[in-house]
Amino acid sequence: MMFRRNFPKVLCIGLILAIAINLLVFYSRGTSQISLLGHKELQLPLSEREGEVVKRLSHLEADLQHLKESMKLALKQQESMNSTLTRVKVEVRSVQNAVKSTESEAQKRKPQKKLFPHSQLFKQWGDDLSEAEQQKAQDLFEKFGYNVYLSDRLPLNRTIPDTRDSRCLRKTYSSQLPSLSVVLIFMNEALSIIERAVTSVINRTPSRLLKEIILVDDFSTNELQPYVRLAEELKTYLDEKITLYNHQYPGLLKIIRHAERKGLAQARNTGWEAATADVVAILDAHIEVNIGWAEPILARIQEDRTVVVSPVFDNIRFDTFILSKYELAVDGFNWELWCRYDALPQAWIDLQDVTAPVKSPSIMGILAANRLFLGEIGSLDGGMLVYGGENVELSLRVWQCGGKIEVLPCSRIAHLERSHKPYALDLSPALKRNALRVAEIWMGEHKHMVYLAWNIPLQMKNTLDRTICVDRGPVPGNIPIMYPCHEFSPQNVYYHLTGEFYVGPLVAEATAADHCLTDPGSGEKPTLEPCSEAARKGLHIHWDFKQEGAAVNRDTKRCLEIEKDASSAYVLVLQTCTSQVWELQHTVGSWGHAHAP
Ligand code: UDP
Ligand code: MN
């Protein structure tokens, strides 16, 4: 930012100095030629014959004349150089003055106070903005969830760091790759953001491969007061820009506008339906594709038409627009069917080829696929509303319908992660609804895990004090505690019909352990141990429990109870039963086959 702002001045001084240096070189070259000439004449040998002498003298005279003219020229050049140097000095001084005055202006401009000290926007950015500018930037930020004020001032064709591993640069690709349609979907996006995405696609995709760019507008808001300018931008101005682009690249850009809000899955489908190339890449409109992004995708899909691929994301920071590189990972999901990054598979690590495709359970959202194959498996589920779940749904379908999902390490896209979404304050109703739809359709006997993850706060309370709940306790650590009830996952307690109490969040991952409430046999404090390890070691993890009854360890016969410690706070203890009882706020009939209440 700072560099960009000072750049014209630096360039100006540089140019002036370059001219001065050129003149100096020219001048010194001229003088050295003159001295050589003089030296040559002094070396002239005298002949004995007069005619020869006269001839030589006349030569000498001509040479002297020449020398005289050269010196005149040199003097002239020196004069002109002197005047250039004077001019340079004057200009340098005036540039210095300009720099000084800008600095003092900037100091003057430095706001007395930050208008929005708690705004995420101004944490690392915007110190030199006037109060009016801060207000404008904050308004735009609230509307869009990213720094539109800055975006509007950055070049559309800005350079971003190449985040590929150097080994990707040595890869070569066939000259006969399939053609590509790029779909960019948007809803209430800043015009400069869309234009930068389009520019990056045009500049960083070989033109012989790029058949079209299809913009899908999922009914950007057009009637609400604060959005009037936006509506104008996204309709009139964007149409004008598209005409301009098509003037330069005939037929390249298309735009489709939904007449009502249909949600992101349907917006992606609309783009896919309009696409005509061999391969379709469906992206958000707040991205900048990075150098060489398309070739690995096209080559891999050419090799195997059933592969649905995801590029690797980097993050464009929503406040500074600086790129932060993300490490390679696979795209997984938890029991809420919310996406998460998971560890790279050992089989891929063993390949020792950082450019090799990585098999992935899921995609994050952005995807590329063979256009016809995506149709054969039914494209995206248009019944997914607003946001979320559609990526996991597609992934389950791809893997179950003979396809594969892969992350391609050499294909990188910078994606702007917004600080908040412009289309919903709270996404969880849509996420929950879509996740349960996926569970019902695809997950068979495992669907209850999704219901559990979304629906039921499973606290276990002791009737002595119903305001406190069993809690997983500090992490790291394995000592459960009593803590004011809050319904978040550290307080989830699941009683398994085979006798185990699981405490804490359920983890949908082969490598992570669920924790079982354990009587260590000695001492009075219960512990939490990884269930499978505890079972293998024969620890005391089985309990008899009925709703509103005691929790009795089957081996030690000690009861899980609570008692007041020195500070009168309740703590968990294991002791001879004193008929304390517990209740689980919700119960499920049978593990894995329950009806969620
Ligand atoms: N989107 C849409 N309609 C909606 C909600 C979202 O077209 O009702 C688009 C949105 O404009 C974006 C894409 O879906 O291009 C993905 O949404 P977002 O970027 O908010 O999600 P994230 O990438 O942060 O997961
Ligand atoms: Mn996005």
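Cut-offs applied
- Residues numbered from 1 in each chain as written.
- Chains lettered and ligands numbered in written order.
- Predicted model: local features only at pLDDT ≥ 70, side-chain atom pairs only at ≥ 80, totals over all residues.
- Heavy atoms only, no water.
- UniProt positions renumbered as here; feature names shortened; annotations may be inferred.
- Buried < 20%, exposed > 50% of the residue type's maximum accessible area, 1.4 Å probe, protein only.
- Helix = DSSP H or I, 4+ residues; strand = E, 2+ residues; numbered from the N terminus.
- Pairing = 2+ DSSP bridges.
- Phe/Tyr/Trp six-rings, centres within 6.5 Å; stacked < 30°, edge-to-face > 60°.
- pLDDT = per-residue confidence, 0-100.
- Contact = heavy atoms within 4.5 Å.
- 1 Å grid on protein atoms, 1.4 Å probe; cavity = no way out; pocket = protein on both sides within 12 Å on 5 of 7 lines; lining within 4 Å.
- Points joined across faces, edges and corners; volume = space filled by probe spheres on them.
- Nonpolar A, V, L, I, M, F, W, Y, C, P; charged D, E, K, R; others polar.
- Donors = N, O, S within 2.8 Å, 3.2 Å for Na, K, Ca; no water.

As recorded in an unreviewed UniProt entry, the chain goes by Polypeptide N-acetylgalactosaminyltransferase and comes from Tupaia chinensis. On record in UniProt, under Sequence similarities (unreviewed entry), the comment for the chain is "Belongs to the glycosyltransferase 2 family. GalNAc-T subfamily." UniProt lists a comment for the chain under the heading Cofactor (unreviewed entry), and it reads "Mn(2+)".

Colleague: An account of the pairing of strand β6 (residues 307–316) is needed here, citing residue identities and associated values.
Modeller: Most of β6 is tucked away: 10 of the 10 residues are buried. Here β6 runs beside strand β7 (residues 323–324); their pairing, made up of 2 bridges, is antiparallel. Along β7, the bridge assignment pairs N315 with S324. Linking two consecutive strands that pair antiparallel, namely β6 and β7, is a turn of 6 residues; a positive phi of about 65° is found at F321 within it.

Colleague: I'd like a description of the packing of aromatic side chains, backed by residues and values.
Modeller: What the rule picks out here adds up to 12 aromatic pairs. Relative to Y146, the ring of F144 has its centre 5.9 Å away and its plane inclined at 35°; by these criteria the two rings are tilted. The two residues F144 and Y146 agree in class, both being buried. Geometrically, the ring pair formed by F501 and W543 is tilted, given 6.2 Å between the ring centres and 55° between the ring planes. In this pair, F501 is assigned in strand β17 (residues 501–503) and W543 in strand β20 (residues 543–545), connecting sequence segments 42 residues apart. A residue is classified by how much of its surface remains accessible, and W543, at 0% relative accessible area, is buried.

Colleague: Please provide a residue-by-residue account of the confidence of the model for the chain, values included.
Modeller: Overall, the prediction assigns the chain a mean pLDDT of 82, with 76% of residues at 70 or greater. Counted against residues more than four places away or in other chains, residues 1–88, with its pLDDT under 50, gives 33 contacts. Scored below 50 in pLDDT, residues 589–597 makes 18 contacts in the model with residues more than four places away or belonging to other chains.

Colleague: Please provide a residue-by-residue account of unusual backbone geometry, values included.
Modeller: Trans peptide bonds make up the majority, and among non-glycine residues the majority have a negative phi. A cis amide bond, omega 0°, links V475 with the succeeding residue P476. Topologically, P476 is positioned in the loop between β14 (465–471) and β15 (481–484). Positive phi, normally seen in glycine, also occurs at S379, with a value near 45°. One can find S379 in the loop between α10 (371–376) and α11 (390–400). On the basis of relative accessibility, which here comes to 8%, the residue S379 falls in the buried class. In this model, E548 sits at a positive phi of 60°, which is unusual for a non-glycine residue.

Colleague: An account of the layout of surface pockets is needed here, citing residue identities and associated values.
Modeller: In this structure, the largest pocket occupies an estimated 810 Å³ of space. Around the largest pocket sit 37 residues that line it, and D284, Y387, H415, K421 and Y423 are the ones nearest its centre. When contributions to the lining of the largest pocket are tallied by element, the ones reaching two or more residues are β1 (180–186), α7 (264–274), β6, β9 (339–342), α11 and β12 (404–416). Taken together, the residues that form the lining of the largest pocket break down as 18 nonpolar, 7 polar and 12 charged.

Colleague: Can you explain the coordination of the manganese ion (ligand 2)? Please cite residues and give values.
Modeller: At this site the manganese ion (ligand 2) is bound by D284 (OD), H286 (NE2) and H415 (NE2), with donor distances of 2.1 to 2.2 Å. Within one chain, the residues donating to the manganese ion (ligand 2) are spaced in sequence as D-x1-H-x128-H. Classification of H286 as buried rests on a relative accessible area of 6%.

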